[in-house]
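What the coordinates show
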Amino acid sequence: MTAPATTPTHPLLETHATALDEARAALAGRTWFSRYPESPSPRVYGEEAAGAGVAAHEAHLGHPYAALDDQPGDGSRVGSEVSPYGPRLGVTYPVLDLDRGLAAARAALPAWRDAGPQVRAAVCLEIIDRINTRSFEMANAVMHTSGQPFVMSFQAGGPHAQDRAVEAVVAGLVEQERVPTSVVWEKPGRDRHGNPAPTRMQKDYRLVPRGVALVIGCNTFPTWNAYPGLFASLVTGNPVVVKPHPRAVLPLAVTVEVAREVLAEAGFDRALVQLAPEADGEGLARTLVERPEIVVVDYTGGPGFGSWLEENAASNGILVYTEKAGVNTVVVDSTDDLRGALGNLAFSLTLYSGQMCTAPQNIYVPEGGVDTDEGHLGFDEFGERLAAAVGRLTGDDAKAVELLGATVNDQVRSNADSLGRIADEAGGRVVLESRRVTHPTFADAVVRAPGLVALDVSREDVYTQECFGPVGFLVRTASTEQSLAQLADTVREHGAMTAAVYSTDERVLDAARDAAADAGVALSENLTGQVFVNQTAAFSDLHGTGANPAANAAYTDAAFVANRFRVITSRRHVA
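These numbers come from a predicted model, not from an experiment. (Residues numbered from 1 in each chain as written. Predicted model: local features only at pLDDT ≥ 70, side-chain atom pairs only at ≥ 80, totals over all residues. Heavy atoms only, no water.)

It is at 9 Å that the axes of helix α5 (residues 117-132) and helix α10 (residues 250-265) come closest, and there the two elements cross at 135 degrees. Relative to α10, the element α5 is oriented oblique. α5 and α10 meet at a crossing whose hand is right-handed. In contact with Val123, Glu126, Ile127, Arg130 and Ile131 of α5, α10 contributes Thr255, Val258, Ala259, Glu261, Val262, Leu263 and Glu265. (Axes fitted to C-alpha atoms, helices over the stretch in contact; angles between N-to-C directions. Helix = DSSP H or I, 4+ residues; strand = E, 2+ residues; numbered from the N terminus. Parallel < 35°, antiparallel > 145°, perpendicular 65-115°, else oblique. Left-handed = near helix turned anticlockwise from the far one by under 90°. Contact = heavy atoms within 4.5 Å.)

Put into C-alpha cells, the structure is as follows:
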C-alpha cells in the first residue's frame, strides 16, 4: 500500500492549482488548450499594452542590461545584436563567470530539489505568467533579433512559446507524479510453523535531478525553441544555464530576468536560472558542454554542432536533446480544392520567408500532373499556378512584409539569390524568382519573397540539402508512388520536421501515412484552410518526432522530460 505523503506547501500551489489541473487534462486528452491569448489586440491585452511594450523594449536599447548584473560575472560585457530590420540594438550583457556561476547553480539545487515537483511546477507557472505580462516587450525583442514580422513575433515569441513552456512543465510534473513518495511493500510468506508471516518493508522514493542543464538558443526562434528545454529541466529540479545565440540575446535576457525575479520571490536561489551570453563567434556553447557540471543539453541550431553534440557529448554521459535541420516535403497527388491548397501552400512558403524549421521545401508533383476540381493540371501548369498564388500573397510590399519579415542572415540572402544558378546546375528552370521587397518602415531590411525552382527527381544532390529561407523546389517525379518513396527515403536519410500530402484518393492517403510512419515524420493531410504545415499546437501536436535525423527529441513527449530526473529508493523492514 502507499503510505501517506507529506503535503507540499507553498503559496503558489493554491494560486496555480486550477491552471495545472486544466493543463494536465489537456495533455492527457491531447485537446486544444491555451493559457495565453495569441491575439495582440488591445481588446485582449488592454489599450496601453502595445505602447508600454514598445517603451520597455526601447528602454533597453543602447544600455547595459543591468537587471542581470547580480549574476556571478567576470566584470566584462558583450553584445553585438543588430536588428534584421537595420538598427543596432546596442545592448550589452554581463559575462558569466563560469566557475562561480556553475558553482552557484549546484549550490542552489538541493533546496529546489527538496521543494518537490508540485511546488516547482507552481513556481514555473508563475514565471511563465509573469513572462506573459511582458509579451509586447518580448514581441519587439524577438522581432528585432530574429527578423520575424511583428504579429508572428508576438504570437510565436510570446503566447505560443509560453504555451509550449506550460506544456513542458505539465509533462514533467505528470512524469514525476507517477512515482509515489512512499509505499509499504508486503510479500506473502509463512514462518517455519506454517503461520502467515509476510515480509513487510517501507520503501521511500526520492526524485533526484540530473544536475546543471544547458539550453543553447537559436537566432530564428529564441524563445519558442528554448522554453521547452528550459522549463522541462527546471520543473524536474535541474538548475539551468541559458546560452542564447549571440545575435538573439535580448528575448532570453528578459526571460532569465523574470525567472530569477520569481524564484527569489518564491524563496529560492536566483542562481537556478542564469544567462551565459557570448560574443559572436566565441564558441561558448562547446566550452560549456565540456564542463563537468553540465549534464543535460538542449540544442536548436545547425546540424554541424548538433551532430557533434549527439556523437561526443552524449558519449560522455550528457543527455542531449537536439533540433537541427531537414528537408520538409509535400506530396501533391490530387485535390478537390485547388484554390485552398494553393493558398495554403503559398502561405506556408511565405511565412517568415521560409526561415522556419517546419517550412516546406520539396514539393513532389508527378510528371503526368494532378487532378483538381478545376480540371487536370500538368506539372508545369501546377507550378505556374503555385507561383501565381505566391505572387498574389506577396505582391503588395506593405502587406507582404507583415508575412515575410526580414531575412535573418547572409546565408539566407545568398540562398535567395542563387535560384538561377541552382536551376542551371540542376538542368531545371526558375518558376518564380525570389522577389526583393521594400519595407515601408525599415529601409535597411532585406526582405525576400519565396522563389521556386523546378527540377527532376534524379537531382537528389540538390534538393536533399536544406536550402534555408525563401526557396522551394518543385520536384518532377514519375508518379505519386515515386513521390511517396522519395518522401520516405529522403526523410530517413536527411531528416524532416514536417511532411504533407494532397490527395482525394484514400489509398494514396493510406500510403502517405505509411511512408510518414516509416520515415518517422509528422504528416498533414489536405490542408486548405487556416491550419498550416509550419505550425503545431501545444498540448496536441508533437513538434518533431525524434525518429529521423532532423531532431532526436519531440516537444513534448514523455521521453523529453522523464530522463531529466532519476528515482532513488530507500527501504527498510517494518513490522
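Once the structure has been displayed, the description carries forward.
This paragraph deals with the domain arrangement of the protein chain. A common way to express how large an interface is: the accessible area buried when the components associate. Domain boundaries in the protein chain define domain 1 (42-325 + 554-573) and domain 2 (329-525). Measuring from the centre of the C-alpha atoms in domain 1 to the corresponding centre in domain 2 gives 34 Å. Contacts between the two partners involve 16 residues from domain 1 and, on the opposite side, 22 residues from domain 2. For the pair domain 1 and domain 2, the two sides together bury roughly 1400 Å², of which 67% comes from carbon and sulfur. Seen at the junction of domain 1 and domain 2, the total is 0 salt bridges. On the surface where domain 1 and domain 2 come into contact, there are 2 residue pairs in polar contact (both at pLDDT 80 or more). Per-element accounting of the side of domain 1 that touches domain 2 gives the leading share, 4 residues, to helix α6 (residues 135-146). Here the residues of the side of domain 1 that touches domain 2 sort into 7 nonpolar, 8 polar and 1 charged. (Domains from an automatic or database assignment. Buried area = accessible area lost by both parts, 1.4 Å probe. Salt bridge = Lys/Arg side-chain N within 4 Å of Asp/Glu carboxyl O. Polar contact = N/O pair within 3.5 Å; in protein donor to acceptor, adjacent residues only side chain to side chain. Nonpolar A, V, L, I, M, F, W, Y, C, P; charged D, E, K, R; others polar.)

Another point: the UniProt feature "domain: Aldehyde dehydrogenase" (unreviewed entry) in the protein chain. Residues given the UniProt feature "domain: Aldehyde dehydrogenase" (unreviewed entry) here are residues 97-515. As a span, residues 97-515 carries 47% helix and 19% strand, and end to end its C-alpha atoms are 49 Å apart. (UniProt positions renumbered as here; feature names shortened; annotations may be inferred.)

With that settled, consider the sheet that holds strand β8 (residues 294-300). Paired through their backbone hydrogen bonds, the strands of a sheet run either parallel or antiparallel. Strand order in this open sheet of 5 strands is β7-β6-β5-β8-β9, and the pairing throughout is parallel. Bordering the open sheet on either side are β7 (273-275) and β9 (319-323), each of which pairs with just one other strand. Direction aside, the axes of adjacent strands within the sheet are offset by 15 degrees on average. Bridge count between β8 and β9: 5 bridges; the pairing is parallel. Among the inter-strand pairings, tyrosine 299 is bridged to a residue of β9, identified as threonine 322. The strands touched by helix α9 (residues 227-235) within the sheet are β5 (212-216), β6 (240-243), β7 and β8, with β6 carrying the most contacts at an inclination of about 170 degrees. (Pairing = 2+ DSSP bridges.)

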